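# Chains, contacts and geometry: an overview
Residues per chain are reported as follows:
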Amino acid sequence: MPMNFETVEVTTDFLIVGGGMASCGAAVEAAYWAKKHGLKVTLVDKASLDRSGAVAMGLSAINQYIGVGKGKNTVEQYVEYVRQDLMGVARDDLVYNIARHVDGTVHLFEKWGLPIWKDDNGEYVNEGRWQIMINGESYKVIVAEAAKNALGMDNIYERIFIIEPLLDGDRISGAVGFSVRENKFYVFKAKAVLAAMGGAVGVFKPRSTGEGLGRSWYPPFSTGSSAYFTIRAGAEMTCQEVRFIPVRFKDAYGPVGAWFLLFKSRAISAIGGEYMVERKDELQNWAPYGLVKPIPANLRNYLGMLDCSEGKGPLMMMTNEAIAKLADQYKDDPKAFKKKMKELESEAWEDFLDMTIAQALLWAATNIQPEEKPSEIAAAEPYFIGSHSGASGAWVSGPEDIAPPEYFWGYANMTTVKGLFAAGDASGASSHKFSSGSHAEGRIAAKAAIKFIVENNTQPAVDMAKVEELKAKAYAPLEIYEANKDFTTDPEVNPAYIKPKMFMFRLQKMMDEYVGGVTANFSTNKPSLDRAMELLTFLKEDSEKLAAKDLHELMRCWENIHRMWQAESHVRTVMFREETRWPGYYFRADFPKMDEQNWLSFVNIKWDPNSGEWDVFKKPIIRL
Ligand SMILES: Cc1cc2nc3c(=O)[nH]c(=O)nc-3n(C[C@H](O)[C@H](O)[C@H](O)COP(=O)(O)OP(=O)(O)OC[C@H]3O[C@@H](n4cnc5c(N)ncnc54)[C@H](O)[C@@H]3O)c2cc1C
């Protein structure tokens, strides 16, 4: 294969990296402010904007809507809810800032054409207190269209995989990446950059293997690039230990939110007991968080996990019972009863068809009619998703008007690296922003980034020698493959290189077994974490030998390098926090209790790009 790759240079003012919910919000907001100041905004996505990121397949609910002024909820209550759900570890200022802006974002979605369910009074239909129901199979297409209209397609680069940040001293100066379709290497030079490349899936071994391999709760597109990008730029990270484990319908990971919240379904063990009732006393051990409503997601997981460890699995979602209960009020009117049953049945299927089509297929394939029999649920493998019920991401500045001085350094959502902003899954300690809050946070970050550019309006230097070095590094897996592939009869197995799939399996196995994955029953301890660090060191060495037969595999190589760094920052922070704060997400068997006195704090971590050294330390939690 001729190793001839053109270098394409793009100079811009503001670079948005990623094309998901946060980026689409950033695009709309940045376009507005950039026009006022005569600035250029560029967006780059590894995929196609219409269907990229976690919302690609669609969603059936918008999970953050406050309804400010409707007399039901307040922003303060949302802050309280998030803090409790994260067992006390959340940045009130960031959560507050998103919550006070999120309704405006949802109203924009509706204006752009997203169908939101309405009741007879024209009000949004709530799934739970903060969630509203949508017909969301085209959610991402609608949100992307607005971003495209705002920026113009000339300013959007699709199918470019960003591999590394560029730095000018302590300031960000751009990013580099390669086209996954053409022999082109891209150099983006910018005055400010927003990192919004989602969270990470595939760091831990998934439950799905063999014919099911590739299925996970988290769509497979986000592979730790946000964490990698911000860590490699030298940004301080937070909550890298706070992974998320969703309990979902087993094997196809279908959503349970509508069942628990809308259909009011119960979950029981195979023996028949309701773990949330039978194990209520366990919640006392996790006070004060265990004693509030709603019970934190990790503790709900934990109670179910206790049933499973005692051999009472599988756990079952009582879909049949829930549907029967809802239809019961129509039992005296056969026509109305039939109509209601039909309605509930189609809502049940639509919930999956909107966002997790595979679950509908699995139901069909295994003869499940939700109105007739219950379905299995199970705890998934761990993911990194700071916008959902995890919290990992960059440590960013709060908003000027409400952040305490310790949390404010000039521009909302700017990381500790000058000019580098983060939003959505890329920013940490502000969980429960979900799709709508990520979009709102993208808007917040973009507005602040434009302000940063106006006040620091110089083009930082880009070291082209460094760029050449990165280009060689980017394509090295193709060269390694070409040079060695004929040494063995099966190019998948070769002593001179490792293919990305095998590399991923290695990473996943060590994380699973030593860092509290499914196999280890989500439990770990210091010796296991030490072993994981040792194996990670070998893996890192072998990452130099990754090999790719084409551009697609090259992307897979880089995805796994990004995952590996996400993994390392996780191992280091889980090791540092000597307590168990989120049972149900992970358990430190050597420190099995929560320690409010010593550990009610953030754990932050930083990698120094000059020395290559890691530093892990505490940061205080300051309440608003
Ligand atoms: C399974 C699941 C179910 C969910 N359900 C709901 C729900 O019901 N309701 C709700 O409101 N929210 C839900 N969410 C949350 C919501 O999807 C996220 O909060 C939101 O998508 C986060 O936005 P983001 O921009 O940070 O990331 P994403 O939207 O995931 O976007 C990431 C972007 O980065 C790009 N990218 C990744 N790596 C690179 C790279 N190296 N170079 C260039 N581009 C890159 C991707 O292509 C993508 O465009 C769910 C999330 C998941 C995973």
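The structure this text deals with has already been given above.
Anyway, here's the lowdown on the structure attached to this text. This structure is a prediction, so every number in the text was calculated from the model and none was measured.

Cut-offs applied
- Residues numbered from 1 in each chain as written.
- Predicted model: local features only at pLDDT ≥ 70, side-chain atom pairs only at ≥ 80, totals over all residues.
- Heavy atoms only, no water.
- Buried < 20%, exposed > 50% of the residue type's maximum accessible area, 1.4 Å probe, protein only.
- Helix = DSSP H or I, 4+ residues; strand = E, 2+ residues; numbered from the N terminus.
- Pairing = 2+ DSSP bridges.
- Right-handed = clockwise from strand over helix to strand, strands pointing away.
- Near = heavy atom within 4 Å.
- Polar contact = N/O pair within 3.5 Å; in protein donor to acceptor, adjacent residues only side chain to side chain.
- Areas by Shrake-Rupley, 256 points an atom, 1.4 Å probe, with all protein chains shown as cover.
- Axes fitted to C-alpha atoms, helices over the stretch in contact; angles between N-to-C directions.
- Left-handed = near helix turned anticlockwise from the far one by under 90°.
- Contact = heavy atoms within 4.5 Å.
- Nonpolar A, V, L, I, M, F, W, Y, C, P; charged D, E, K, R; others polar.
- Expected span 1.5 Å × (residues − 1).

### Considering the pairing of strand 3 (residues 41-44)
Here strand 3 shows a buried face lined by Val41 and Leu43 and a second buried face lined by Thr42 and Val44. Pairing geometry for strand 2 (residues 14-17) and strand 3, over 4 bridges, is parallel. Each bridged residue has a counterpart across the sheet, and for valine 17 the counterpart in strand 3 is valine 44. Handedness of the strand 2-helix 1 (residues 21-37)-strand 3 crossover: right-handed. Across 2 bridges, the pairing between strand 3 and strand 6 (residues 156-157) is parallel. Opposite leucine 43, over in strand 6, you have isoleucine 156 as the bridge partner.

### Considerations on the site of the ligand
Near the ligand you find 36 residues, and of these Asp45, Ala54, Ala61, Ser387 and Ser435 are the closest. Within the backbone of glycine 20, a nitrogen or oxygen atom sits 3.1 Å from an oxygen atom of the ligand. Contact between the ligand and lysine 46: a nitrogen atom at 3.0 Å from a main-chain N or O atom of the residue. Against a free-state accessible area of 1000 Å², the protein chains account for coverage of 97% of the ligand.

### With respect to the packing of helix 9 (residues 319-328) against helix 10 (residues 334-353)
Contact geometry for helix 9 and helix 10: axes closest at 9 Å, N-to-C directions at 140 degrees. Viewed along their axes, helix 9 and helix 10 form a crossing whose handedness is right-handed. Contact residues: helix 9 offers Ile323, Leu326, Ala327 and Asp328, while helix 10 offers Phe337, Lys340, Met341 and Leu344. Classifying every residue of the contact of helix 9 with helix 10 gives 6 nonpolar, no polar and 2 charged.

### Topic: the environment of alanine 56
Counting through the fold element by element, alanine 56 comes out in the loop between strand 3 and strand 4 (59-62). Discounting chain neighbours no more than four positions away, the residues touching alanine 56 are Arg51 and Phe221.

### Digging into helix 8 (residues 297-309)
The terminal C-alpha atoms of helix 8, which comprises 13 residues, lie 18 Å apart, in line with the 18 Å expected from a rise of 1.5 Å per residue. One or two residues past the end of helix 8 sits glycine 311, with phi positive at roughly 80 degrees.

### Focus on helix 2 (residues 75-85)
Taking burial as the measure, the 11 residues of helix 2 include 8 buried ones, the bulk of the element. The set of residues buried in helix 2 consists of Val75, Tyr78, Val79, Tyr81, Val82, Arg83, Gln84 and Asp85. Close packing links the buried residues of helix 2 with helix 3 (92-112), helix 8 and helix 12 (434-455). Note on helix 2: the residue one or two positions beyond its end, methionine 87, has a positive phi of about 55 degrees.

### Focus on unusual backbone geometry
Between lysine 293 and the following residue, proline 294, the backbone shows a cis peptide bond with an omega angle of -5 degrees. As for its placement among the helices and strands, proline 294 is situated in the loop between helix 7 (275-278) and helix 8. Residue proline 314 is bonded to the preceding glycine 313 through a cis peptide linkage, with omega at -5 degrees. Its location among the elements puts proline 314 in the loop between helix 8 and strand 14 (315-317).

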